[in-house]
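For reference, the chains in residue letters:
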Amino acid sequence: MPSSLVVDLCRHSLLEVLLLASPILAIAVAVSLLVNIVQVLTSLQEATISAVPRLLAVAAAAFFMMPWMWRQIVQYTLGLFSDFHPYVQ
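Right, let's walk through the structure included here. (Residues numbered from 1 in each chain as written. Predicted model: local features only at pLDDT ≥ 70, side-chain atom pairs only at ≥ 80, totals over all residues. Heavy atoms only, no water.)

A separate point is the nonpolar core. In this structure, Leu20, Ile24, Ala61, Met65 and Met69 together form the largest nonpolar core, which totals 5 residues. Those elements that place two or more of their residues in this core are helix H1 (3-42) and helix H2 (47-82). It is H2 that contributes the most residues to this core, 3 residues altogether. The residues contacting Leu20, other than those within four sequence positions of it, are Trp68, Met69, Gln72 and Ile73. (Core = buried A, V, L, I, M, F, W, Y, C linked by side-chain atoms within 4.5 Å. Buried < 20%, exposed > 50% of the residue type's maximum accessible area, 1.4 Å probe, protein only. Helix = DSSP H or I, 4+ residues; strand = E, 2+ residues; numbered from the N terminus. Contact = heavy atoms within 4.5 Å.)

Evaluation of the coordinates by the stated rule reveals 1 aromatic pair. Measuring from centroid to centroid gives 5.3 Å for Phe63 and Phe64, while their planes differ by 75°, and the two rings are edge-to-face. For the residue pair Phe63 and Phe64, the accessibility class agrees, reading exposed in each case. (Phe/Tyr/Trp six-rings, centres within 6.5 Å; stacked < 30°, edge-to-face > 60°.)

Below, the discussion takes up the side chain of Glu16. In this structure, Glu16 sits in helix H1. Of the side chains with opposite charge, Arg71 comes closest to the buried, unpaired Glu16, at an N-O distance of 11 Å. Beyond its immediate stretch of four places on either side in the chain, Glu16 contacts Gln72, Ile73 and Tyr76. (Lys, Arg positive; Asp, Glu negative; His and termini not counted. Salt bridge = Lys/Arg side-chain N within 4 Å of Asp/Glu carboxyl O.)

Purely geometric numbers; function is a separate question.
Structural data, given as structure tokens:
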């Protein structure tokens, strides 16, 4: 297998991972920002106050986005395995 094919395969895999992870990471950042603003305004500096809402938001986002994520993973895998002849050479 030529090195350009390996690089292309890795690039497509990393783009797929970025596509799947970015919405959940964006939700975690937004919730963290909101919680931190509330903590600054109220002078409450407790670690659990910032961790629990972020964990709940990420879990809810993963739960509601799971069908979309599964469709993306299945489409990527089927696309990869449907044209397998370049990898066999």
